[in-house]
Amino acid sequence: MRIISICPSNTELAAYLKLTSSLVGVDNYSDWPEEIRSLPRLGPDLNIDMDKVEALQPDLVLASLSVPGMERNIEELEKRKIPYVIVPNPKTLTEVGECLLFVGEVTNTSDKAQQLFEKYISILENYERLSKQVQTPKTLYWEWWAKPIFTPGEENWLTEISKLAGGRNVFEDIPQASIKTNWEEVRKRNPDVICVIWVGVQKEKVNPKVIMKRADVHQMDAIKNKQLYILEEPLFCRPSPRLLLGLNKIASILHPHIYPPFNEHIDCLLDS
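Bear in mind that the values here come from a model prediction, so they are computed numbers and not experimental data. (Residues numbered from 1 in each chain as written. Predicted model: local features only at pLDDT ≥ 70, side-chain atom pairs only at ≥ 80, totals over all residues. Heavy atoms only, no water.)

Student: Which residues make up the nonpolar core, and what values go with them?
Tutor: W142, F236 and I250 are the most contacted members of the largest nonpolar core, which totals 54 residues. Each residue touching I250, except ones within four places of it in the same chain, is listed here: L140, W142, I161, A165, C195, L231 and F236. V170, I194, V196 and V217 belong to the second-largest nonpolar core, a separate cluster that totals 19 residues. (Core = buried A, V, L, I, M, F, W, Y, C linked by side-chain atoms within 4.5 Å. Buried < 20%, exposed > 50% of the residue type's maximum accessible area, 1.4 Å probe, protein only. Contact = heavy atoms within 4.5 Å.)

Take a look at the structure:
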């Protein structure tokens, strides 16, 4: 089966199902696993070069509607009669796991998908058990865009990750997936920990000075206690099972005496 993925999370789902050898092309932002880096690049996920897609003669394109604007890709796939499926757009960690089952079904790897899904759920359940040992949850502010400031609200897996890691998203009271806010509001909520994951920006290119120049930042508990973290955006912002690595990382930062240590070379879903 010749498969094309046109967004990073779908590429990662395919990789977990051992389908990298079936991939014949990916979007520009797909960067994991290492073996897909030599594949033909088909453009950014919001502007896929459909001439290149068509030339690769895929049996199936793994498409998405997770970001506004992706509908243009679907329209073009329809127009050219290129076979495709739209991988569901999950809002919860369980729904992220269910995407494995969906991709497994459309790629004839359902048995592998079911095994992975069961392991995925058991890992979440283990973190749920560990979170009950936390006596004082730490408050977290997640920043995924700086100007204007955007942060996740209640209807977002980062709020769920916060709880499983023994924390609490300071914007969990707002029933939205993504919230446009301002620095004054963030400062009022005075989080214990600040986590910076600017969407689409590599960790190395995030400049913490942007935050440190903001009004009264040095009066905040997170800054006083040196709890500002620049984190790997792909481990927190993409709806793929790699969110488990993000969960592992933030949990080990917040409560290292309770949660397992983070090792970037170990994927708890793939490794024993």
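Student: So what's going on with the packing of aromatic side chains? Which residues, and what values?
Tutor: Counted according to the given criterion, the structure contains five aromatic pairs. With a centroid separation of 5.5 Å and 15° between ring planes, the pair formed by Y127 and Y259 is classed as stacked. Residue Y127 is found in helix α5 (residues 110-131), and its partner Y259 is found in the segment after α11 (243-254); the two are separated by 132 residues along the sequence. For Y259, a relative accessible area of 3% puts it in the buried group. With a centroid separation of 6.5 Å and an interplanar angle of 70°, the aromatic rings of Y141 and W183 are classed as edge-to-face. With a gap of 42 residues between them, Y141 in strand β5 (residues 138-143) and W183 in helix α7 (residues 183-189) connect regions that are remote in the sequence. Taken together, the ring pairs in this structure connect Y141, F171 and W183 into an aromatic cluster. (Phe/Tyr/Trp six-rings, centres within 6.5 Å; stacked < 30°, edge-to-face > 60°. Helix = DSSP H or I, 4+ residues; strand = E, 2+ residues; numbered from the N terminus.)

Student: Residues and numbers for the sheet that holds β5, please.
Tutor: Overall, parallel pairing links the four strands, which are arranged β7-β5-β9-β10 in an open sheet. Of all strands in the sheet, those bounded by a partner on one side alone are β7 (167-169) and β10 (228-230). When the angles between neighbouring strand axes are averaged without regard to direction, this sheet yields 30°. Inspection of the sheet shows strand β9 (residues 193-196) paired to β10 by three bridges, in the parallel sense. Considered in β10, the bridge of V196 is made with I230. Along the sheet, helix α6 (residues 157-164) contacts β5 and β7; its crossing angle with β7, the most-contacted strand, is approximately 160°. Together, β5, β7, β9 and β10 form the strand contacts of α11, whose direction differs from that of β5 by roughly 135°. (Pairing = 2+ DSSP bridges. Axes fitted to C-alpha atoms, helices over the stretch in contact; angles between N-to-C directions.)

Student: Go over empty space enclosed by the protein with me, naming the residues and quoting the values.
Tutor: Under the definition given, this model contains one cavity of 30 Å³ or more. Taken as a whole, the largest cavity holds about 50 Å³ of empty space. If you go around the largest cavity, the residues you meet are S9, N10, L13, S64, S66, V87, P88, N89, P90, C99 and P239. A per-element tally of the lining of the largest cavity places helix α1 (residues 8-16) first, with three residues. In terms of residue class, the lining of the largest cavity is made up of six nonpolar, five polar and no charged. (1 Å grid on protein atoms, 1.4 Å probe; cavity = no way out; pocket = protein on both sides within 12 Å on 5 of 7 lines; lining within 4 Å. Points joined across faces, edges and corners; volume = space filled by probe spheres on them. Nonpolar A, V, L, I, M, F, W, Y, C, P; charged D, E, K, R; others polar.)

Student: Break down the sheet that holds strand β2 (residues 23-26) for me, with residues and values.
Tutor: Taken in spatial order, the four strands make up an open sheet running β2-β1-β3-β4, and their pairing is parallel. At either end of the open sheet lies a strand with only one pairing partner, and these are β2 and β4 (84-87). With direction set aside, neighbouring strand axes in the sheet form an average angle of 25°. As judged from the three bridges shared by strand β1 (residues 3-5) and strand β3 (residues 60-64), these two strands associate in the parallel manner.

Student: Could you give an account of the pattern of salt bridges, with specific residues and numbers?
Tutor: If the charged atoms of two oppositely charged side chains come close together, the side chains can form a pair. Using the criterion set out here, one finds 16 salt bridges in the structure. Linking R214 and E143 is a salt bridge whose minimum nitrogen-to-oxygen distance equals 2.8 Å. A residue pair is termed long-range when its members are at least 10 positions apart, and R214 in the loop between α8 (209-212) and α9 (221-224) and E143 in strand β5 qualify at 71 residues. Given a relative accessible area of 13%, R214 falls into the buried group. Through salt bridges that share partners, D51, E54, E76, K79 and R80 make up one connected network. (Salt bridge = Lys/Arg side-chain N within 4 Å of Asp/Glu carboxyl O.)

Student: Help me get a handle on the packing of helix α4 (residues 93-106) against α5, residues and values and all.
Tutor: Axis separation between α4 and α5 bottoms out at 8 Å; the angle between their running directions is 170°. Considered as vectors, α4 and α5 are oriented roughly antiparallel to each other. For the pair formed by α4 and α5, the contact residues are L93, T94, V96, G97, E98, L100, L101, G104 and E105 on the first element and S110, A113, Q114, L116, F117, Y120, I121 and L124 on the second. Of the residues that constitute the contact of α4 with α5, the class distribution is 10 nonpolar, five polar and two charged. (Parallel < 35°, antiparallel > 145°, perpendicular 65-115°, else oblique.)

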